[in-house]
Amino acid sequence: MYSYRTKAMTPLNLDISWKNPLSAELQKPYFIDLMKVVDDLYEQNPDSVFPSHQNLFKAFEECSFDNVKVVILGQDPYHRTDSKGAPQATGLAFAVPCDQKLPPSLKNIFKEISSDLCIDTSDNTKNQTNGDLTRWAKQGVLLLNSTLAVEHAKPGSHYGYGWETFTDSVIKVLSDQRENLVFMLWGNYAREKSQLIDKTKHLVLESSHPSPFSAHNKIDGFIGCKHFSKANDYLVQHGKRIIDWR
């Protein structure tokens, strides 16, 4: 594990393989200023900023730079809590803790996986689907939100803080320094990031967002996009182990 510290922040725990690709970015003035703002928010209202401070960079802890095979891009973390007051956000895009009810978008993601790959995505031991996607991250799926934090009940509250500059640089570094990755861009916001990706080196899969408001679009709808089988087919073609999407 790579623990990085600036003058303004508590340590960021990243897998060691991110050290060289991101060290310059973490030292830029905008990032130091961003961390000052974020650290102040966590200090002032630690229970009102999601995910928890320790999970802020969880996507980079669970998926090493060298192991990335697939990048799934979200917008910002879930901004609500469950019925018991526990945050939904885990630090991994689209994921929720294993004991929580699935949000609508994640339900549609599992629905598409089940249809696309003809597999049962349910956790039979609990008779429900497990929304903790750490199992994907450890296989090489970078579950990256464009903004890594959000305030309670305030969607988009961290837009413009500098997060997008940081996560855009992550996408660009992966595009430049790695080969044969799969980028899944769901929804107009994510699809705008395609300009950062070298399509001669990587596979870019685009569709509408898995939200119920857009998942069933007749043109480029998420339901029926078959991104998960397409990703695995591409990985096999380039000599990589497939992702077990269950």
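Look a little higher up for the structure.
The structure displayed is predicted, hence computed values, not measured ones.

**Student:** What am I meant to see in the overall build of the chain here?
**Tutor:** The helix and strand tally for the chain stands at eight helices and eight strands. On the principal axes, the C-alpha backbone points of the chain span a range of 50 × 45 × 35 Å. If you take every contact in the chain between residues at least 6 apart in sequence, the share linking residues at least 24 apart comes to 63%. In the form shown here, the chain has an accessible surface area of approximately 11600 Å², with 48% of it arising from carbon and sulfur atoms. Side-chain charges in the chain split into 28 positive and 29 negative, and the spacing between the mean points of these groups amounts to 3 Å.

**Student:** Looking at this structure, how should I read the sheet that holds strand S4 (residues 70-74)?
**Tutor:** As a general point, the strands of a sheet are linked pairwise by backbone hydrogen bonds and lie either parallel or antiparallel. Here we have four strands laid out as an open sheet, ordered S5-S4-S7-S8, and parallel in their pairing. Pairing within the sheet leaves two strands with one partner each, and these edge strands are strand S5 (141-145) and strand S8 (203-207). Put simply, the sheet's adjacent strands are angled 20 degrees from each other on average, direction ignored. Pairing of strand S7 (residues 182-186) with S8 involves five bridges; the strand directions are parallel. Paired with Met 184 across the two strands is Leu 205, which belongs to S8. Strands S4, S7 and S8 of the sheet are contacted by helix H8 (residues 227-237), whose axis makes an angle of about 165 degrees with S7.

**Student:** Just to check I follow, could you spell out the nonpolar core for this structure?
**Tutor:** Where a protein is soluble and globular, its nonpolar side chains tend to be buried together. Judged by nonpolar contacts, the single largest core of 72 residues is most densely connected at Phe 57 and Phe 60. Excluding residues that lie within four positions of it along the chain, Phe 57 makes contacts with Leu 12, Asn 13, Leu 14, Phe 31, Met 35, Leu 148, Trp 163 and Phe 166.

**Student:** Please clarify how the pattern of salt bridges should be interpreted in this entry.
**Tutor:** Pairs can form between side chains of opposite charge whenever their charged atoms are close. A complete count under the given rule lists nine salt bridges for this structure. Sharing partners across several salt bridges, the network here consists of Lys 58, Glu 62 and Lys 138.

**Student:** How should I be thinking about the pairing of S5 in this particular structure?
**Tutor:** Each regular strand displays side chains that alternate between the two surfaces of the sheet. Burial within S5 is extensive, with five of its five residues counted as buried. Every second residue of S5 is oriented toward a common face, with Val 141, Leu 143 and Asn 145 on one face and Leu 142 and Leu 144 on the other, all of them buried. In this sheet, S5 lies alongside S4 in parallel orientation, the contact comprising five bridges. Paired with Leu 73 across the bridge in S5 is Leu 144.

**Student:** Sorry, what's going on with unusual backbone geometry here?
**Tutor:** In terms of backbone geometry, most residues other than glycine have negative phi values and most peptide bonds are trans. Residue Pro 51 is reached from Phe 50 by a cis peptide bond, and omega for that bond is -5 degrees. By the element assignment, Pro 51 lies in the loop between strand S3 (49-50) and helix H3 (58-62).

**Student:** I keep staring at H8 and nothing clicks. Help me out?
**Tutor:** Because the α-helix completes a turn every 3.6 residues, residues three or four places apart line up on one side. Of all the residues in H8, the buried ones are His 227, Phe 228, Ser 229, Ala 231, Asn 232, Tyr 234 and Leu 235. The inward-facing, buried residues of H8 contact S4, helix H4 (104-117), S7 and S8. Of the residues trailing H8, Gly 239 is marked for its positive phi of about 70 degrees.

**Student:** Help me out: how do you make sense of empty space enclosed by the protein in this one?
**Tutor:** The rolling of a water-molecule-sized probe over the atoms marks out the regions of remaining empty space. Across all of its chains, the model carries one cavity of 30 Å³ or more by this definition. Quantified by volume, the largest cavity comes out at close to 40 Å³. Lining the largest cavity are Leu 56, Ala 59, Pro 77, Gly 91, Ala 93, Leu 143, Leu 144, Asn 145 and Leu 148. Looking at which element gives the most residues to the lining of the largest cavity, the answer is S5, with three residues.

**Student:** Honestly, the packing of helix H1 (residues 19-26) against helix H6 (residues 163-177) in this entry has me stumped. Any pointers?
**Tutor:** A pair of packed helices can be characterised by two numbers: the angle between their axes and the separation between those axes. Following both chains from N to C, one finds H1 and H6 inclined at 145 degrees, their axes separated by 11 Å at the closest point. Crossing handedness for the pair H1 and H6: right-handed. Packed against H1, whose contacting residues are Pro 21, Leu 22, Glu 25 and Leu 26, the element H6 presents Thr 165, Phe 166, Ser 169, Val 170, Val 173 and Gln 177 at the interface. Residues belonging to the contact of H1 with H6 are distributed by class as follows: six nonpolar, three polar and one charged.

**Student:** Could you clarify how one ought to interpret the packing of helix H2 (residues 29-44) against H6 in this entry?
**Tutor:** Orientation of H2 relative to H6, taken along the N-to-C sense of each, is 130 degrees, at an axis distance of 9 Å. Taken together, the axis directions place H2 and H6 in an arrangement best described as oblique. The interaxial crossing formed by H2 with H6 has left-handed handedness. Residues Tyr 30, Phe 31, Leu 34, Met 35 and Val 38 of H2 pack against Trp 163, Thr 165, Phe 166 and Ser 169 of H6. Of the residues belonging to the contact of H2 with H6, the class tally is seven nonpolar, two polar and no charged.

**Student:** Teacher, can you tell me more about the layout of surface pockets here?
**Tutor:** Its boundaries defined by the atoms lining it, the largest pocket holds a volume of some 530 Å³. Lining the largest pocket are 25 residues; nearest its centre among them are Asp 76, Tyr 78, His 79, Ser 105 and His 209. For the lining of the largest pocket, a count of residues per class yields twelve nonpolar, eleven polar and two charged.

Cut-offs applied
Residues numbered from 1 in each chain as written. Predicted model: local features only at pLDDT ≥ 70, side-chain atom pairs only at ≥ 80, totals over all residues. Heavy atoms only, no water. Helix = DSSP H or I, 4+ residues; strand = E, 2+ residues; numbered from the N terminus. Contact = heavy atoms within 4.5 Å. Areas by Shrake-Rupley, 256 points an atom, 1.4 Å probe, with all protein chains shown as cover. Lys, Arg positive; Asp, Glu negative; His and termini not counted. Charge placed at Lys NZ, Arg CZ, Asp CG, Glu CD. Pairing = 2+ DSSP bridges. Axes fitted to C-alpha atoms, helices over the stretch in contact; angles between N-to-C directions. Core = buried A, V, L, I, M, F, W, Y, C linked by side-chain atoms within 4.5 Å. Buried < 20%, exposed > 50% of the residue type's maximum accessible area, 1.4 Å probe, protein only. Salt bridge = Lys/Arg side-chain N within 4 Å of Asp/Glu carboxyl O. 1 Å grid on protein atoms, 1.4 Å probe; cavity = no way out; pocket = protein on both sides within 12 Å on 5 of 7 lines; lining within 4 Å. Points joined across faces, edges and corners; volume = space filled by probe spheres on them. Left-handed = near helix turned anticlockwise from the far one by under 90°. Nonpolar A, V, L, I, M, F, W, Y, C, P; charged D, E, K, R; others polar. Parallel < 35°, antiparallel > 145°, perpendicular 65-115°, else oblique.

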